[in-house]
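Observations on the model geometry
Chain residues, written in single-letter form:
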Amino acid sequence: MKFGPVVVGQIVVGLLSACLIAPSIATTLKLAPELDLLVVDGKKMSGSLLKGADSLELDGGQHQILFKIAKTVRSGSRDQVMYTSSPLIVAFDTKNIALVAFKLPRLDTDRDGAKFDKNMDYQLVDQTGKALPMRSDRLHIAGLSVGANFEKAMAEYNGANNKAAVPAFASIVPTPTAGVPPVMVMSAAGKPVAQKTVTLQGENVSEQMLQYWFQQADKDTQKRFLEWAGKNTSH
C-alpha cells in the first residue's frame with residue numbers, strides 16, 4: 001500500500017500530536033514500614049491516608065519528599081530502642097520511571113542509627129535496582145520535631161538557595177493547622193539535632209511506640225496523658 005506525500009505528512013503530524021498530548025507515566029513510590037512521609041511536594045501527608053499502604057502514586061516529573069526513618073533497633077545485647085532519624089529531604093525526577101523505592105542501609109542496632117545520622121547513606125532506585133539521580137539534605141530544626149509545622153518549614157526551605165530545594169514548591173500554601181508550633185529552619189551548615197534515645201520494654205510495636213512518644217513529651221503533657229489514660233482504661 002502506497003501513500004501520497006500529503007497523507008504521509010498528516011500521519012506524521014498525527015503521531016507527533018499524540019506524543020505531545022500523551023499523559024506522563026505515573027510512578028509508583030514503594031513504601032516501607034520504617035518510612036514516615038511528612039511532606040510530599042510541599043503538602044503535608046496524613047498518617048491516616050498512608051495507614052496500611054505499601055505504595056504511593058506520583059505523577060511523572062519533579063518531586064520532593066520530607067521523611068523520617070523510625071525503627072526499633074537493638075541496644076546492647078538485649079535492650080530495644082526506638083531509632084528516629086532527623087527529618088530528611090530528597091528531591092528527584094520520575095520522568096519515564098515506573099517505580100521508585102528507597103534503598104536503606106542496615107539499621108539493626110543503635111550504632112547503625114548513629115552511622116546513618118552521620119552519613120545519610122540511602123539511595124533511590126528504580127524498578128531495575130538502578131540508583132536514580134537525587135539531591136538530599138536535612139531539615140535542621142530547633143528542638144524536637146514532634147508537632148512541628150513541616151509544611152511551613154519546607155516552604156521556607158524551598159524559598160532559599162538550599163541543596164535540595166525545589167523553588168516550585170515554595171509557593172504552595174500550607175494547610176492551616178491550629179496549635180502547631182513554628183519551625184526554625186537553619187542553614188545547611190548547621191549541626192543536626194541529636195535525637196533522644198528511648199529504651200523500650202514493650203512486647204509489641206504498639207506498646208513500644210506508646211512508650212516512645214510518652215518519653216518524648218514534656219512533664220505536663222505526660223501528666224495529662226496519664227490522667228486521660230486513667231479515665232479511659234477499660235475495667
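Residues numbered from 1 in each chain as written. Predicted model: local features only at pLDDT ≥ 70, side-chain atom pairs only at ≥ 80, totals over all residues. Heavy atoms only, no water.

1. A word on the pattern of salt bridges
- In this structure the tally under the stated criterion is four salt bridges.
- Measuring nitrogen to oxygen at the nearest pair gives 3.7 Å for the salt bridge that ties Asp108 to Lys71. Pair noted here: Asp108 is in the loop between β8 (99-103) and α3 (110-119) and Lys71 is in strand β5 (residues 62-75), with a separation of 37 residues, a long-range link.
- Of the charged contacts in the structure, one is a salt bridge between Lys152 and Glu156, with a shortest N-O distance of 2.6 Å. Of the two residues, Lys152 and Glu156 both sit in helix α4 (residues 150-158), four residues apart, roughly one turn of that helix.
- What makes Glu156 partly exposed here is its relative accessible area of 36%. (Salt bridge = Lys/Arg side-chain N within 4 Å of Asp/Glu carboxyl O. Helix = DSSP H or I, 4+ residues; strand = E, 2+ residues; numbered from the N terminus. Buried < 20%, exposed > 50% of the residue type's maximum accessible area, 1.4 Å probe, protein only.)

2. Remarks on the nonpolar core
- Counting residues in each nonpolar core, the largest one holds 26 residues, and the members touching the most others are Leu29, Leu37, Ile65, Phe67, Val90, Phe102 and Tyr122.
- Looking at this core, the elements with two or more residues in it are β2 (35-40), β4 (55-58), β5, β6 (79-84), β7 (88-93) and β8.
- If one sorts the elements of this core by residue count, β5 sits on top with four residues.
- In terms of nonpolar packing, the next biggest core, distinct from the first, is built from 13 residues, Ala148, Ala153, Ala164 and Ala165 among them. (Core = buried A, V, L, I, M, F, W, Y, C linked by side-chain atoms within 4.5 Å.)

3. Describing the sheet that holds strand β9 (residues 123-125)
- As summarised here, the arrangement of the four strands in space is β4-β1-β8-β9, forming an open sheet in which the pairing is mixed. In this open sheet, the two edge strands, each paired with only one partner strand, are β4 and β9. Neighbouring strand axes in the sheet, compared pairwise and without regard to direction, differ in orientation by 25° on average. (Pairing = 2+ DSSP bridges. Axes fitted to C-alpha atoms, helices over the stretch in contact; angles between N-to-C directions.)

4. Concerning the packing of aromatic side chains
- Within the structure shown, the criterion is met by five aromatic pairs.
- For the pair Phe102 and Tyr122, a centre-to-centre distance of 6.2 Å together with 35° between the ring planes defines the contact as tilted. Of this pair, Phe102 sits in strand β8 while Tyr122 is found in the loop between α3 and β9, placing the two residues 20 residues apart along the sequence. With respect to class, Phe102 is no different from Tyr122; both count as buried.
- Every member of this aromatic cluster is reached through a ring pair, and the members are Phe67, Phe102, Phe116 and Tyr122. (Phe/Tyr/Trp six-rings, centres within 6.5 Å; stacked < 30°, edge-to-face > 60°.)

5. As for α4
- Within α4, seven of the nine residues are buried, leaving the element largely enclosed by the surrounding structure.
- Turning to α4, its buried residues number three or more, namely Phe150, Glu151, Ala153, Met154, Ala155, Tyr157 and Asn158.
- Its buried side turned inward, α4 meets β2, β3 (43-44), β5, β7 and β10 (134-138). (Contact = heavy atoms within 4.5 Å.)

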